[in-house]
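# Survey of secondary and tertiary structure
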Amino acid sequence: MKKILDLISDEMMQAFEQAGYDRALGRVTLSNRPDLCEYQCNGAMAGAKQYKKAPIMIANDVAAKLADSAVFAKAEAVAPGFLNLTLKREFVGDYIKKMRADRKYGLEEAKNPAKIVLDYGGPNVAKPLHVGHLRSAIIGESVKRIARYMGHTVIGDTHLGDWGQPMGLIMNELKIRKPELVYFDENYHGEYPADPPFTISELEEIYPTASKRSKEDEAYKADAMACTFKLQSGVAGYRALWKHIIAVSVTDLKKIYEKLNVDFDLWNGESAVHDMIPGMVEAMKEGGYAYLSEGALVVDVKEETDTKEIPPCMILKSDGAALYNTTDLATIMMRMETEQPDRIVYVVDKRQELYFEQVFRCARKTKLVQEDTELKFLGFGTMNGKDGKPFKTREGGVMRLENLIQQINDEMLRKIKESRETSDEEAAATAQVVGLAALKYGDLSNQASKDYIFDIDRFTSSEGDTGPYILYTIVRIKSILAKFTENGGNVQAVLSEIKAPVNDSEKQLMMELAKYNASVEAACDEYAPHKICAYIYDLANAFNHFYHETKILAEDDADRKAGWIALLALTRDVLETSIDLLGFSAPERM
RNA sequence: GUUUCCUUAGUUAAAUGGAUAUAACAGCCCCCUCCUAAGGGGCAGUUGAGGGUUCGAUUCCCCCAGGAAACGCCA
């Protein structure tokens with residue numbers, strides 16, 4: 001279905017053409033002055049020079065052609081040359097009626113669906129998720145859902161950190177604590193136990209302890225490196241132990257991601273590409289791309305158009321070991337082999353932008369990807385505390401994601417109990433649903449690339465531009481529809497009864513609904529979930545305004561009432577589809 | 001030091017080069033015999049400084065001030 005703005009523009013362009021002007025001038029935009037008109041066209045001013053004519057004269061010529069337009073109730077030329085437009089009620093009602101009948105509410109899927117690998121999440125094995133992982137998860141999940149809804153094929157890969165030094169540290173510490181474990185007996189050749197020799201909480205305690213000690217104790221560090229080496233070279237006991245670490249961690253990670261309503265198609269870790277590294281490095285050497293510099297193996301990625309110095313991309317450290325770059329490049333290689341994506345998108349902290357620029361250039365130069373494979377860095381800003389500095393616990397430490405979620409839920413629960421009589425059970429369930437919306441909306445409503453301030457009071461408030469406000473609006477609609485059903489009405493039966501709007505707030509609501517397809521499309525093209533947030537906030541506002549001015553269930557005219565019920569159902573459907581794209585949902589009551 | 005990004009109301013955030021810069025929160029004032037007042041309506045308050053391009057600049061260019069980040073063996 002065409003976007004409403006395109007339909008309006010078509011009508012305007014035709015008028016420009018009929019009046020003897022370039023039709024390209026007839027592009028219409030949303031009004032900047034809602035007090036004066038609904039839509040506007042500034043083409044007359046743009047064309048003034050070309051036609052050596054006062055803008056107002058051009059605008060008058062065009063307006064004359066629109067006198068009996070089927071689209072515009074009013075099209076007037078205003079000084080210095082604006083064309084102020086008001087839509088016909090029938091035109092708006094008709095558009096919404098068609099939108100209702102459309103499977104995706106008027107949204108057209110992408111003409112060239114792409115296969116996209118989306119790299120987000122980035123958790124590390126044996127380390128609890130902390131607030132730093134939050135944005136990647138939330139933004140990535142939403143980008144994934146939006147792109148899929150637009151018809152693209154998206155593969156979400158968490159790119160687990162499961163291979164490097166941390167693994168060696170854990171194993172070494174474990175060896176010290178429990179040397180009797182069979183995994184450390186290199187003469188053992190039997191089956192290894194199926195149950196892990198540690199719990200997740202032990203694991204989470206072991207890593208920081210080991211990490212700290214390795215910084216103070218050289219011998220300890222050397223032992224840990226030896227463990228890393230044994231793992232990477234395939235010593236059976238170490239591999240078996242490592243598998244336990246992964247299994248225990250991933251189970252725990254999945255639990256928390258589930259709480260966030262985030263899931264991945266692939267749990268490939270850095271380990272998955274380990275075996276590809278030697279071949280890849282060799283190919284880079286043979287291709288004449290990689291050379292030794294200061295002892296390390298690097299690939300130059302400078303380009304003539306650079307305004308800044310881009311350091312070469314390091315492939316191997318001077319001790320010959322692989323590093324982050326190496327695994328990322330190998331991961332690109334693997335993805336190209338297994339998935340052949342058109343696009344690989346990384347949802348990563350924006351501070352890594354230069355690093356990824358190097359990796360992308362290196363991948364391109366060494367032909368790991370095809371020329372038309374798009375590599376996209378989607379950097380996000382930091383979540384800050386109220387002091388404007390990166391978010392910390394009161395003690396100054398890193399806050400675990402679990403605790404953050406719990407804080408939001410507790411606050412939500414407190415608010416629910418304060419405002420309404422409910423059973424403890426229902427209140428707790430509602431608090432979870434609304435809490436997640438508060439958290440996600442609070443994050444996603446900001447431009448991903450910007451830093452933002454995490455403010456629990458603001459996010460959980462139902463006043464203003466917040467998740468709870470959106471949910472409350474949906475719940476209100478559901479409540480009316482439920483009452484309608486209770487009184488013997490049938491919502492399904494009246495869905496197609498949408499009519500031309502009879503009052504202003506109804507028309508406003510319809511015009512907001514009509515922007516749905518354009519909003520989702522823009523959000524997808526620009527990887528910008530915040531555009532969907534802005535859209536549903538406007539829509540919720542338009543609905544609440546309409547709600548206050550209109551007594552829906554008390555309406556005597558059955559026809560009119562049916563139309564309103566249909567409008568409500570559509571509003572609910574659009575809102576619920578939208579929040580699903582953002583990665584949260586609404587309760588039945590709150 | 002070099003480079004990049006940012007600077008909008010008291011605060012947090014919006015605005016393909018268009019009119020009187022848009023909202024929210026906080027502040028002040030109204031509205032529940034009425035479908036959830038977790039709502040609605042109203043008042044007041046803003047583009048860091050200076051140049052330039054343009055009929056028109058928050059937006060593009062230059063410069064200054066303030067902030068953040070990145071800058072080869074961490075990820």
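As shown above, the structure is provided for reference.
Residues numbered from 1 in each chain as written. Chains lettered and ligands numbered in written order. Predicted model: local features only at pLDDT ≥ 70, side-chain atom pairs only at ≥ 80, totals over all residues. Heavy atoms only, no water.

The full set close to RNA strand B counts 60 residues, and Val298, Met314, Ser462, Tyr472 and Thr550 are the nearest of them. When the atoms of RNA strand B within 4 Å of the protein are sorted by group, sugar and phosphate make up 56%. Within the side chain of Arg27, an N or O atom sits 3.1 Å from a base nitrogen of RNA strand B. Within the backbone of Tyr547, an N or O atom sits 2.5 Å from a base nitrogen of RNA strand B. The set of elements that each furnish at least two residues to the surface near RNA strand B consists of helix 2 (43–51), strand 4 (82–87), strand 8 (296–299), helix 13 (401–419), strand 13 (452–453), helix 16 (467–486) and helix 20 (529–549). Its residues assigned to classes, the surface near RNA strand B shows 22 nonpolar, 21 polar and 17 charged. (Near = heavy atom within 4 Å. Polar contact = N/O pair within 3.5 Å; in protein donor to acceptor, adjacent residues only side chain to side chain. Helix = DSSP H or I, 4+ residues; strand = E, 2+ residues; numbered from the N terminus. Nonpolar A, V, L, I, M, F, W, Y, C, P; charged D, E, K, R; others polar.)

All right, on to the environment of Lys221 then. For Lys221, the location among the structural elements is in helix 8 (residues 218–232). Note: C-alpha distance between Lys221 and Asn172 (49 residues apart in sequence) is 9.0 Å.

Residue placement: Tyr257 occurs in helix 9 (residues 236–259). Between the alpha carbons of Tyr257 and Leu401 there is a distance of 9.8 Å; along the sequence they are 144 residues apart. For Tyr257, the contacting residues outside a window of four places in its chain are Gly121, Pro123, Leu129, Ala137, Thr158, Val262, Phe264 and Trp267. (Contact = heavy atoms within 4.5 Å.)

Here we come to the packing of helix 7 (residues 200–216) against helix 8. Contact pair helix 7 / helix 8: the axes reach a minimum separation of 6 Å and the direction vectors enclose 125°. In terms of their interaxial angle, helix 7 and helix 8 are classed as oblique. Judged by the sense of rotation from one axis to the other, the crossing of helix 7 with helix 8 is left-handed. Contact residues: Ala210, Arg213, Ser214 and Glu216 in helix 7; Glu218, Tyr220 and Lys221 in helix 8. Partitioned by chemical class, the residues of the contact of helix 7 with helix 8 number two nonpolar, one polar and four charged. (Axes fitted to C-alpha atoms, helices over the stretch in contact; angles between N-to-C directions. Parallel < 35°, antiparallel > 145°, perpendicular 65-115°, else oblique. Left-handed = near helix turned anticlockwise from the far one by under 90°.)

Moving on to the packing of aromatic side chains. Applying the stated criterion to the full structure yields 24 aromatic pairs. Seen from their ring centres, Phe184 and Tyr238 are 5.9 Å apart, and the 70° between their planes marks the pair as edge-to-face. With Phe184 in the loop between helix 6 (165–177) and helix 7 and Tyr238 in helix 9, this residue pair connects regions lying 54 residues apart in the sequence. With respect to class, Phe184 is no different from Tyr238; both count as buried. Here the aromatic cluster, defined as three or more aromatic residues joined through ring pairs, consists of Tyr324, Tyr346, Tyr355, Phe356, Phe360 and Phe377. (Phe/Tyr/Trp six-rings, centres within 6.5 Å; stacked < 30°, edge-to-face > 60°. Buried < 20%, exposed > 50% of the residue type's maximum accessible area, 1.4 Å probe, protein only.)

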